[in-house]
Amino acid sequence: WTFRVWRGLCVDMQQNANEALRLYKEASTHRESAIPALMGMAIIYRRNKDTEGLNGVEEKLNDERLANAIGPWVQAAMLLWHSGDATRARDVLNKYVDRAPDHRDEYTSLQCVRGWVDLSSGRGAYLEKCASMFDRVISSEAADNMVDIEATMGKVAYLERKSQYWPAQDLLNRLIVTYAFFTPALVVKARQLMKVEDWDQAGDITQRILSKDPQHVEANMLAILHLLVKEARYSQAAMSISDLLGALMQREPKNAALFYQCSQCFSRLSGNNLQFLGVTMQLAEHAAHLQPTNADYLCEVAFHYALRGDFKSAIQNYSKATSADSGTNAFLGLIRCFILSGKYTEATQQIEFPNAMQNPQQRNAELLLLNAMLLWRRDKNQALSLEKLDQAVDAHKHDIASQPTGMELYIKLNPPLMLDIAKEYIQHCRTEPPEAGASSRADPIAEKCRRTLETLLRHVPGNTEAQLLLSRICFVSGDSERASGMIAACIRQDQSLPDAYLLSAQIFQYNGQVPQALQALEQALTLDFEIKDQPQYSLLRGTLLGMTGELDEALSCLQQALKLVQAPNQVTQKGRPIKALSVQDHVSLYLQLAQTHLKLKNIEEARQTIAEASRTFKDTNQTGRISIAHAMIVARTDIEASLEILRQVPTKSEFFLAAKSRMANIYLVHRQNRRMFAKCFEELVEVLPSVQSYIHLGEAYAAIQEPEKAIAAFEKARAMDPNNAELAVRIGRALITTHDYQRALRYYRDAVAADGNRFNLRQDLATLYWRLGDVEKAVNVLREIPALLAGKGGQGPEDMISSVERVNAALLMCKMYRSYGDGKQAAEALIQARVYQIHVLSRLRGESMETSVQQRGIAASICLELGEYYVGSQESEKALTFFNEALRHDEANERAMLALARLYLGRGEIDGCEQQCNALLRVNPSCEEAIMILADLMYRRNRFDDAAHHFMQILDKKPDNYNAMVQYVALLRRAGRLEDALTVFANAEKLLRPGQKPEPGFSYARGLYHRFTSNSTEALKDFNNGRLPKDNPYSQRCLEAMIEVYLMPDNENIWEDSENREEVAENIRTADRLVREVANPDRRAILEGYVLVAQKKKDSLEKAINKFFEIVAASEGDLATAKGSKASSSSPAGEAQDEGATGTSEKMNVPALVGLATALQIMKQTPKARNHLKRVAKGAVTAQSDSDHYERGWLLLSDIYIQNGKYDLAQELLKKAIQNNKSCCRAWEYMGVIFEKEQAYKDAADCYDNAWKLVKEADPGIGYKLAFNYLKAKKFVQCIDVCHKVLSTHPDYPKIRKDVLERARSMLRP
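Please read all numbers here as calculations on a predicted model, not as lab measurements.

A tally of regular secondary structure across the protein gives 70 helices and zero strands. In summary, the protein has a C-alpha radius of gyration of 44 Å against a globular reference of 34 Å for 1310 residues, an excess of more than 25%. Projected onto the principal axes, the alpha-carbon positions of the protein cover approximately 140 × 85 × 75 Å. For the protein, the residues scored as buried account for 54% of the 1310 residues in total. Partitioning the contacts of the protein with sequence separation of at least 6, the portion at a separation of at least 24 is 57%.

Here it is as structure tokens:
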């Protein structure tokens, strides 16, 4: 029956009083439950003002026979407390505190209940008293080795109120261990962990609860809070809130208040995510369905419509709510919808009532915000609007001053309201960083906005919209780097943020990075096509198009922006609200429009635009800016009038300094009057004798080459601000510009002695010593930096700034050592910098997200430099470790991925290299080097088509990427698809201007194509064009290619005899002359050897053998053994060269080995040549640069095998050559020779046909062999056709007419 009483309370709380009364009446007939049941009835009667029923119940409760039933009275007190009447509960308990202070039964403990009642009162005296009561119960239970759940949870709640979370966690841990089934302890623990921002552990506990009970309502709530507040993962939160909706419908289907609370809290954290708002709308609608006359619930439904931009439906629901209740919430929502819809008249009519109802002592933040919005949008009254905004911020601070917790905190915090306040502030603060000549004083409006956003982000760190607005404030405050970092972090968190790309475009535009800005605008438009209907987009696009010279289109965009701003109905065609431009952006629109008219020579339209701007903004702080623009227009025709306009800018204007700067510029540029240029800044100092004014005066003197006066101005500024370290740096740098290095040194030394804690002073002094060549003194100055001295005891500095200074000092030492070639000391400094940076990373907790990203980027760059150092010192394992560490710090670091890919490639770890390249292409799909490495990998795996595809990806985007083109041509040759190169050449030629000489890279690539297709003449022309000028990166490659063409024209084998000896001799002389121009000594030595081989004279061949042998021995590190072997030989090469076949491919110098074998073969020393070639045959091609030399080696060895009748061995090598290079015509020719010797004429003809096609039917020798084998294979028609082709280009070619053509014709005759 006691439980039936509590069921009655639950039913009553679900707004079902009749059912609750029935349960209470049933329970009141039993002695143990009579008192709490009667108390429950009294609660209902009192709430419904049923005097008769209340009197009857109170009469029964006052019966003396019930006075001694302590347990039931404690139950009654608990009932009163749970129903929200703590005062009456305390009155009931006070009757028994003295009589039975330690009363306890199976249901209740008097001390425990009294503790909870006192705890909920909030009064300090009661708060301390409740703690002692809980402690007494806990102590008594501990004596019996028990843990009292109610008392322990009460003590936890007390400690939480006192913000003593860790003692509370200890009690909760004890409770969880003792009563593993008691889920509320886990819930409270998770909630407390969220308060101390230990989100990870809170998330783990929440998941632990949900794993046991997936429909646990509060655990689902906490899980959603984690996703929204910390991580802003709205899509996942939408799925989780669907689970919460199911749990509520299952367990609390009639609890309208709970549905409303969930909807109210989560909708305000939704970040306007439509998928998420769809579910929170269901929560609000269910609450309204349960209680259709509740105005708060109707307002919540309307609020959801407003968040989704459906103002029409929102207005309908707010109107319904105003009919149900005369409170202000519905009116405020209605007014907001009217303002955002541009219906200012209706908003003005509606706002009068809440303004009249507002208590001056208890202002409503939302109402004040709406007044501010209306004052600006309707009346353009900036001063009053800002005053109301300040009052709204103060009122909001008052609302959250009570420090609510849990979901109540986020409801009171009301992120959409704070964001609206911030956006209104942004309307009035500048939209670009201050100009170089402007005051450095922080914009007070921007600072107010910053404080509002930082308050919001302190409570909701994952709110991306607040992060974006804060990044805008950072940008307009001059911290573009931090702003860009925050934007990048937002995009990483959520890539579907058009506003992030819009702001990014604005920053790019300000920095002059027009292509990047246009790309960011395109990304914003891709994410949200309706963004083109916003004036900010049109303004930015128009400005950028003006910067690129597309003036007509720029003018159209700017006029569209002005049309949107002036639209009477401030909504787009699809009903979305038009985001108003800030004052400065609005002025910028007029100024950009005027500037575009000027560029189009529309002078009158420009004047009219400026005049309209002057009328529109005459009562704002932008009048000075408009005057400056007006003066610049006038300056085109009347310099004196322009100067007079600038003189009219008042000294109190924030643009006064800018006006003076423009005047100074006019004097300097238009009148070349350096004296008046300086005088403008001198007058500025007289009017505004501030630190900033003296700085600008000093800069002006420096600009006109008067460093002494500049130093004097800087020193006056420093006298006014002695703690400004930047001024000391400026003075020192000014002294350096005078080349008075000794005076600069004295100044820096004195400045450091006076204030040795300034890092930038020590840094400048060290840099000056370094540039003067005294590295030791420079390093000593850096070692005395306080941040470094503080870390000598093993403990790092306490603050983040000093920690960063340590890192910067170590990095500067590294640069100094490196500049003087001391790599070891540089590496040690880098290692020390890494240690310091790890300490910085350990202190990132509590820092902003952009700071974390920036510092992790620095850590990654340090590890990258260390890795590159160890790559240079051949310590690949250490390099691998540091490159991987760089990636751990910055997972998307492209340099680290590329470095790892190169390292894996060098180590021969193909899979690791491919993995890194693919990872890099996921981050940056257009990374050319990654694509080229992947192509190289495909080449190594003999997947030539795949490799060529990768190169085409690059060449389609950038046809003039000659490095890729060269490698592509080489790959096409190996893939047997050389004709595809013509398309690439055609695309590249389209980029050349008429009559323009092709770039060296293009000439080299086309020369390779002609060389591979046996067109030596065209190849030589292109190579000769490509080698000039001699300092171009392709010069040496073209030179070496020319030498090879002269030595082996038409890709002939150098060991074969040539018919035209005079031409060959001339080619060799030319090659010999060109070899002397080869810069690389190793390549020059090898080519000199080939020139000697090509002469085919005994003495030259012996010299070639000696040269090649020395190269081979030197490259294998076995020169001494080689010389001993050579001494015991009768020939210059020596018999011991046979042993060379046992060498490993890792140490082989393939070009030298093939050259050596070629010389030996020509000297008829075939066994020795064969032994060297066997080494080449056992090796594997690991780089494209060696593939041609391997191919020559395979062909020479196969030629030797053919001569010896070893056709199987020869065919194996030839197949290897064809697999490596499908365009290798000599391999097909040798295959044909083998089949011809085996009298397989049909197969021989097929091989010769392949060779014939590869030489483009230009080699008469191959044509003759093909025709002869067609004749033998009885393919007479094909034979005759080939004969005609040979004779058409070589009419005097011997034997083919008589021996082949006439015989084939005779075979066709009947």
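Moving on, we get to the pattern of salt bridges. All chains considered together, the criterion is met by 60 salt bridges. Salt-bridge contacts for Lys423 lead to Glu465; the nearest nitrogen and oxygen are separated by 2.6 Å. Of this pair, Lys423 sits in helix α24 (residues 415-428) while Glu465 sits in helix α26 (residues 464-476), and the two are 42 residues apart along the sequence. Exposure remark for Lys423: the relative accessible area of 32% places this residue in the partly exposed category. Residue Glu465 is classed as partly exposed on the basis of its relative accessible area of 26%.

Packed helix pairs are specified by the crossing angle of their axes together with the interaxial distance, meaning the distance between the axes. Closest axis-to-axis distance for the helix α66 (residues 1225-1237)/helix α67 (residues 1241-1254) pair is 8 Å, and the angle between their directions is 165°. Judged by the angle between their axes, α66 and α67 are roughly antiparallel. Relative to α67, α66 is oriented so that their crossing is left-handed. Here Cys1225, Trp1228, Glu1229, Met1231, Gly1232, Val1233, Phe1235 and Glu1236 of α66 come into contact with α67, specifically with Tyr1241, Asp1243, Ala1244, Cys1247, Tyr1248, Asn1250, Ala1251 and Leu1254.

Now for helix α32 (residues 583-599). Its 17 residues place the ends of α32 24 Å apart at the C-alpha level, agreeing with the 24 Å of an ideal helix rising 1.5 Å per residue. With 14 of its 17 residues buried, α32 lies for the most part within the structure. Where α32 ends, the next residue or the one after it, Lys601, has phi of about 65°, a positive value.

Here we take up the packing of aromatic side chains. Under the definition given, this model contains 19 aromatic pairs. Relative to Phe617, the ring of Tyr590 lies with its centre 6.0 Å away and its plane at 75°, an arrangement referred to as edge-to-face. Residue Tyr590 is located in helix α32, and its partner Phe617 is located in the loop between α33 (603-616) and α34 (623-634); the two are separated by 27 residues in the primary sequence. For the pair Tyr590 and Phe617, a shared accessibility class is recorded, and that class is buried. Ring geometry for Phe677 against Phe681: centres 5.7 Å apart, planes inclined by 75°, an arrangement best described as edge-to-face. One end of the pair is Phe677 and the other is Phe681, both in helix α37 (residues 674-687) and four residues apart, which spans about a single turn. Among the residues examined, Phe677 registers a relative accessible area of 9% and is labelled buried. Ring pairs connect the aromatic residues Tyr962, Phe985, Phe1002 and Tyr1009, which therefore count as one cluster. Above the plane of the ring of Trp73 lies Lys95, whose end atom (NZ or CZ) is 5.5 Å from the centre.

In this section: the environment of Met39. Along the chain, Met39 falls in helix α3 (residues 31-48). A C-alpha to C-alpha distance of 7.6 Å links Met39 and Leu80, two positions 41 residues apart in sequence. Beyond its immediate chain neighbours, meaning those up to four positions away, Met39 contacts Leu61, Trp73, Ala76, Leu79, Leu80 and Val92.

Looking now at the environment of Gly976. Relative to the helices and strands, Gly976 resides in the loop between α53 (962-975) and α54 (981-990). Sequence-wise, Gly976 and Asp945 are 31 residues apart; in three dimensions their C-alpha atoms are separated by 9.4 Å. Ignoring anything within four residues of it in the chain, the contact list for Gly976 reads Lys1222 and Ser1223.

This part covers the packing of helix α30 (residues 535-548) against helix α31 (residues 551-565). Where α30 contacts α31, the two axes come as close as 8 Å, and the packing angle between them is 160°. By the criterion of interaxial angle, the relationship of α30 to α31 is roughly antiparallel. Between α30 and α31 the crossing geometry is left-handed. Contacts from Pro535, Ser538, Leu539, Arg541, Gly542, Thr543, Leu545 and Gly546 of α30 reach α31 at Leu551, Glu553, Ala554, Cys557, Leu558, Gln560, Ala561, Leu564 and Val565. Here the residues of the contact of α30 with α31 are counted per class, giving ten nonpolar, five polar and two charged.

Bringing unusual backbone geometry into the picture now. A cis amide bond, omega -5°, links Leu1028 with the succeeding residue Pro1029. Counting through the fold element by element, Pro1029 comes out in the loop between α56 (1016-1026) and α57 (1035-1047). In this structure, Ser163 is a non-glycine residue whose phi angle is positive, near 60°. For Ser163, the location among the structural elements is in the loop between α9 (149-161) and α10 (165-178). Even without being a glycine, Gln1239 presents a positive backbone phi close to 65°. In this structure, Gln1239 sits in the loop between α66 and α67. Its relative accessible area of 59% is what places Gln1239 among the exposed residues.

With 239 residues, the main nonpolar core has Met965, Val969, Phe1023, Ile1043, Leu1047, Phe1108 and Val1300 as its most contacted residues. Per-element tally for this core: the top contributor is helix α45 (residues 800-819), with ten residues. Look past the residues within four positions of Met965 in its chain and what remains in contact with it is Leu955, Pro959, Val984, Phe985, Ala988, Phe1002 and Ala1005. By size, the runner-up hydrophobic cluster in this structure holds 159 residues, among which are Leu171, Ala202, Leu457 and Val514.

Here the focus is the confidence of the model for the protein. Looking at the protein as a whole, the pLDDT averages 84, with 93% of positions reaching at least 70. Overall, residues 436-440 carries pLDDT values under 50, and its contacts beyond four positions in sequence, including any with other chains, amount to eleven contacts. Contacts from residues 1118-1146, a stretch scored under 50 in pLDDT, to residues over four places away or in other chains number 37 contacts.

Applying the stated criterion to the full structure yields zero disulfides. Free of any disulfide, Cys449 has its nearest neighbouring cysteine sulfur in Cys429, separated by 6.0 Å. A relative accessible area of 0% places Cys449 in the buried class.

We now examine the environment of Tyr165. Along the chain, the position of Tyr165 falls in helix α10. The buried category is assigned to Tyr165, whose relative accessible area is 17%. Setting aside its immediate chain neighbours within four residues, Tyr165 contacts Glu160, Gln192, Lys195 and Val196.

Cut-offs and rules
Residues numbered from 1 in each chain as written. Predicted model: local features only at pLDDT ≥ 70, side-chain atom pairs only at ≥ 80, totals over all residues. Heavy atoms only, no water. Helix = DSSP H or I, 4+ residues; strand = E, 2+ residues; numbered from the N terminus. Rg over C-alpha atoms; globule rule 2.2 N^0.38 Å. Buried < 20%, exposed > 50% of the residue type's maximum accessible area, 1.4 Å probe, protein only. Contact = heavy atoms within 4.5 Å. Salt bridge = Lys/Arg side-chain N within 4 Å of Asp/Glu carboxyl O. Axes fitted to C-alpha atoms, helices over the stretch in contact; angles between N-to-C directions. Parallel < 35°, antiparallel > 145°, perpendicular 65-115°, else oblique. Left-handed = near helix turned anticlockwise from the far one by under 90°. Expected span 1.5 Å × (residues − 1). Phe/Tyr/Trp six-rings, centres within 6.5 Å; stacked < 30°, edge-to-face > 60°. Lys NZ or Arg CZ within 6 Å of the ring centre and 35° of its normal. Nonpolar A, V, L, I, M, F, W, Y, C, P; charged D, E, K, R; others polar. Core = buried A, V, L, I, M, F, W, Y, C linked by side-chain atoms within 4.5 Å. pLDDT = per-residue confidence, 0-100. Disulfide = S-S within 2.5 Å.

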